[in-house]
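Coordinates in review
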Amino acid sequence: MFAMLGASLMLASCSEDGPEAPTAYYRVIDFENTRVTLAGPTSYGANLYASYDGTKFVKGEIEVEKGVNMEFGINRSSWYNDYDFSAGGMVLSQWNYRTDIEGVSEGWWYTYLNQCSVYNTDSQDGANKGAGAGGSNTFAVINGFEGEYSDGVGSFRFTNGAEYRVVAMDICPTSYVYGCITEGNAFGNNPDKSLEEVGGWFKIIATGYDAEGNETASVEKYICDYRSSIRPVKISSTWENWDLSGLGRVNEVKFNFEGSDSGDFGLNTPAYMALDNITIRMN
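Residues numbered from 1 in each chain as written. Predicted model: local features only at pLDDT ≥ 70, side-chain atom pairs only at ≥ 80, totals over all residues. Heavy atoms only, no water.

Here we take up the overall build of the protein. Along its length, the protein carries one helix and 18 strands. What you see for the protein is a C-alpha radius of gyration of 19 Å, in line with the 19 Å of a compact globule of 283 residues. If one aligns the C-alpha atoms of the protein with their principal axes, the spans along those axes are about 60 × 50 × 40 Å. Each of the 283 residues in the protein was classed as buried or not, and the buried ones make up 52%. Pairs at least 24 apart in sequence give 70% of the contacts found in the protein among residues at least 6 apart. Surface summary for the protein: the accessible area is close to 13400 Å², and the carbon and sulfur share equals 44%. Computing the positive centroid from 19 side-chain charges and the negative centroid from 38, the protein places the two 4 Å apart. (Helix = DSSP H or I, 4+ residues; strand = E, 2+ residues; numbered from the N terminus. Rg over C-alpha atoms; globule rule 2.2 N^0.38 Å. Buried < 20%, exposed > 50% of the residue type's maximum accessible area, 1.4 Å probe, protein only. Contact = heavy atoms within 4.5 Å. Areas by Shrake-Rupley, 256 points an atom, 1.4 Å probe, with all protein chains shown as cover. Lys, Arg positive; Asp, Glu negative; His and termini not counted. Charge placed at Lys NZ, Arg CZ, Asp CG, Glu CD.)

Structure (structure tokens):
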């Protein structure tokens with residue numbers, strides 16, 4: 001059920017107050033060269049669902065240091081009583097299709113059929129390479145939001161009760177999210193209008209927890225915010241860095257989404273985001 005990945009340790013020097021301040025050591029989880037099963041066999045990610053007949057992805061681990069791994073995976077669905085991506089979770093992907101393809105209906109790229117694809121205009125269309133941050137190939141996709149009709153959110157944790165400072169990561173909208181925000185969401189309150197046209201907004205929230213399960217802090221970032229026409233926050237089509245240093249020392253990080261396009265069953269905007277280069281301070 002678990003797949004392991006050994007990765008290199010990056011050493012960085014960081015000056016702090018005092019002449020004898022220790023050197024800061026950082027570990028960057030970039031998801032490259034992993035044995036963890038990737039979302040597939042298409043950008044829909046059928047192998048993330050309980051009904052799939054082939055090799056499924058359920059959980060994965062990446063080594064942080066000897067004796068400690070970063071653990072992530074798919075939540076268990078109360079509807080299917082099995083692990084299913086509809087219940088939220090965190091998976092790895094290399095899909096980067098961001099345009100319509102021949103033989104497929106127009107607009108397919110911003111539907112659930114393309115939910116594991118990142119909308120990164122620096123990547124090569126259809127090449128399945130270079131879609132990660134900095135031109136890397138592999139990244140993570142999180143899914144899920146908190147609510148009455150939700151089974152869980154995307155998250156990762158450190159094994160053996162370890163706590164670290166997760167100081168930053170890169171994020172980029174998935175194709176599904178980008179399209180629904182810019183082209184209109186068939187399941188939204190205004191199906192034929194973009195969030196910009198209706199003055200809407202959408203944000204991601206990271207919340208840290210210590211080894212005892214106590215909340216440390218939350219950090220949020222607006223993916224878009226069109227409530228002001230003077231200085232709107234426009235959705236990005238490339239990777240951006242997200243400062244998470246405010247979380248403090250954490251054992252687990254959970255991600256939630258909130259937005260203006262919500263209804264009786266919660267958030268209408270697809271609760272997805274691509275993550276890469278999770279930077280951890282080791283001391």
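Turning our attention to the side chain of Asn75. Summarising the element assignment, Asn75 is placed in the loop between β4 (68–73) and β5 (76–77). When neighbours within four sequence positions are excluded, Asn75 is seen to be in contact with Asp82, Tyr83, Asp84, Ala87, Gly88, Gly89, Gly152 and Val153.

This part covers the packing of aromatic side chains. Following the criterion strictly, the structure yields 18 aromatic pairs and no others. Plain terms: the ring middles of Tyr44 and Tyr112 are 5.9 Å apart, the flat faces sit at 80 degrees to each other, and that makes the pair edge-to-face. With Tyr44 in the loop between β2 (25–29) and β3 (59–65) and Tyr112 in the loop between β7 (89–93) and β8 (139–143), the pair connects residues that are 68 residues apart, well separated along the chain. Classification of Tyr44 as partly exposed rests on a relative accessible area of 26%. With relative accessibility at 44%, the residue Tyr112 sits in the partly exposed group. Note on Tyr119 and Tyr178: the rings are 3.9 Å apart at their centroids and 10 degrees apart in plane angle, and the pair reads as stacked. On the criterion of sequence distance, the pair formed by Tyr119 in the loop between β7 and β8 and Tyr178 in helix α1 (residues 175–183) is long-range, its members being 59 residues apart. Each member of the pair, Tyr119 together with Tyr178, is buried. (Phe/Tyr/Trp six-rings, centres within 6.5 Å; stacked < 30°, edge-to-face > 60°.)

Now for the sheet that holds β4. The strand order β3-β4-β9-β15-β11-β12 describes an open sheet built from six strands, whose pairing is antiparallel. Since the sheet does not close on itself, it has two edges, and those belong to β3 and β12 (215–225), each with one partner. With strand direction ignored, the average angle separating the axes of adjacent strands in the sheet is 20 degrees. The pairing of strand β11 (residues 201–209) with strand β15 (residues 252–259) spans eight bridges and is classified as antiparallel. Each residue of the ladder has a partner; that of Ala206, found in β15, is Phe255. (Pairing = 2+ DSSP bridges. Axes fitted to C-alpha atoms, helices over the stretch in contact; angles between N-to-C directions.)

Everything listed here is a matter of coordinates, which is why it stays silent on function.
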